[in-house]
Amino acid sequence: MLKRDLCPICHENLVAVNYIREGITHYRNMCASCIRKGRKLKPQPAAWAKSGYKKKDRCDLCNFKSKHPKQMSVFHVDGNLKNNNWLNLKTVCANCRIELINSKQLPWKPAPIEADF
């Protein structure tokens, strides 16, 4: 028998049962009360934001100056989304991001490894 978790929103009630199939009980993500009230989890900040990196207002590739922060996105140079070292993070505009995804080529070299002592 699996243990039912507490609702991640209200932390009071147990999560609701979604359905039972072939003797296995499947649960929802929140309790019935929170579902009825339309409550939702607050989105968590990205891992790069937790590391202290801030988006720049200029693209690191084409030097485009954005008017709104949503025009820019953060790109991981080595492709590893868990590597949030600031040397691995670049701010790129939407056009450059599409070009990077389509071309599969990096216009810059991966950052050199630095000693952590």
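This is a predicted model, so every value here is computed, not measured.

## Some thoughts on the overall build of the protein chain
Then, number 1: In terms of helices and strands, the protein chain carries 3 helices and 4 strands.
Then, number 2: The order of α-helices and β-strands along the protein chain, N terminus first, is β-β-α-α-β-β-α.
Then, number 3: Total accessible area on the protein chain is roughly 9500 Å²; 54% of this is exposed by carbon and sulfur atoms.

## Quick word on the packing of aromatic side chains
Then, number 1: Applying the stated criterion across every chain, the model contains 2 aromatic pairs.
Then, number 2: Where Trp-48 meets Tyr-53, the ring centres are 6.2 Å apart and the plane angle is 80°; that geometry is what we call edge-to-face. One exposure class covers both Trp-48 and Tyr-53, and it is buried.
Then, number 3: Ring centres of Tyr-53 and Trp-86 lie 6.3 Å apart, and the angle between their planes is 75°; on these two criteria the pair is classed as edge-to-face. Taken as a pair, Tyr-53 in the loop between helix 2 (47-50) and strand 3 (72-76) and Trp-86 in the loop between strand 3 and strand 4 (89-93) lie far apart in primary sequence, 33 residues in all.
Then, number 4: Cluster of aromatic residues (ring-pair linked, three or more members): Trp-48, Tyr-53 and Trp-86.

## With respect to the pattern of salt bridges
Then, number 1: Inspection of the entire model under this criterion finds 2 salt bridges.
Then, number 2: Of the charged contacts in the structure, one is a salt bridge between Asp-60 and Lys-56, with a shortest N-O distance of 3.2 Å.
Then, number 3: Among the residues examined, Lys-56 registers a relative accessible area of 40% and is labelled partly exposed.
Then, number 4: Linking Asp-57 and Lys-65 is a salt bridge whose minimum nitrogen-to-oxygen distance equals 3.0 Å.

## What about the pairing of strand 3?
Then, number 1: Of all 5 residues in strand 3, 5 are buried; the element is thus mostly enclosed.
Then, number 2: Going residue by residue along strand 3, you find Met-72, Val-74 and His-76 tucked away on one face and Ser-73 and Phe-75 tucked away on the opposite face as well.

## Considering the nonpolar core
Then, number 1: Of all hydrophobic cores here, the largest spans 7 residues; its members are Cys-59, Met-72, Phe-75, Val-92, Cys-93, Cys-96 and Leu-100.
Then, number 2: Once you skip the residues sitting within four places of it in the chain, Met-72 turns out to touch Lys-55, Lys-56, Asp-57, Arg-58, Cys-59, Phe-64, Ser-66, Thr-91, Val-92 and Cys-93.
Then, number 3: Of all hydrophobic cores here, the second largest spans 5 residues; its members include Cys-7, Met-30, Cys-31 and Cys-34.

## Examining the pairing of strand 2 (residues 24-27)
Then, number 1: In terms of strand pairing, strand 1 (residues 17-21) meets strand 2 through 4 bridges, oriented antiparallel. When the bridges of strand 2 are listed, Ile-20 appears paired with Thr-25.
Then, number 2: As consecutive antiparallel partners, strand 1 and strand 2 are separated by 2 residues, and within that stretch Glu-22 has a phi angle of approximately 55°, a positive value.

## Describing the confidence of the model for the protein chain
Predicted coordinates in areas of low pLDDT are best not read in detail.
Then, number 1: The pLDDT averaged across the protein chain works out to 81; a share of 84% of its residues lies at or above 70.
Then, number 2: Mean pLDDT values for the elements of the protein chain range from 76 in helix 3 (residues 94-103) up to 91 in strand 1.
Then, number 3: Confidence drops under pLDDT 50 across residues 109-117; counting only partners more than four residues distant or on other chains, this segment forms 5 contacts.

## Here's the deal with the environment of Trp-48
Then, number 1: Inspection of the secondary structure assignment puts Trp-48 in helix 2.
Then, number 2: Put simply, Trp-48 and Lys-82 are 34 residues apart on the chain and 8.5 Å apart in space, counted from C-alpha to C-alpha.
Then, number 3: Ignoring sequence-local partners within four residues, the contact set of Trp-48 consists of Tyr-53, Lys-55, Val-74, His-76, Asn-84 and Leu-89.

Conventions adopted
By convention here, each chain's residues receive numbers from 1 onward along its written sequence. The predicted origin of the model limits local features to residues at a pLDDT of at least 70 and limits the giving and counting of side-chain atom pairs to 80 or more, whereas totals for whole chains, interfaces and linings rest on all residues. Excluded from the side-chain calculations are hydrogens and water; all other atoms, namely the structure's heavy atoms, are used. Each helix is a run of H or I in the DSSP string that is no shorter than four residues. Each strand is a run of E no shorter than two, and both are numbered from the N terminus. Residue exposure ignores everything except the shown protein chains as possible cover, and the areas themselves are Shrake-Rupley values with a 1.4 Å probe. The criterion for an aromatic pair is that two Phe, Tyr or Trp rings (for Trp, the six-membered ring) have centres within 6.5 Å, with stacked assigned to planes under 30 degrees apart, edge-to-face to planes over 60 apart and tilted to the rest. Residue burial is assigned from relative accessible area. The probe radius is 1.4 Å, only protein chains are included, and a residue is buried under 20% of its type maximum, exposed over 50%, and partly exposed in between. What makes a salt bridge here is a side-chain nitrogen of Lys or Arg within 4 Å of a carboxyl oxygen of Asp or Glu, nothing more. Remark: nonpolar core denotes a set of buried residues (Ala, Val, Leu, Ile, Met, Phe, Trp, Tyr, Cys) joined through side-chain atoms within 4.5 Å. When checking whether two residues touch, look at their non-hydrogen atoms; a contact exists if any pair is within 4.5 Å. Following DSSP output, two strands are said to pair if at least two bridges run between them. Each residue carries a pLDDT score, the predictor's own confidence in it, on a scale running from 0 to 100.

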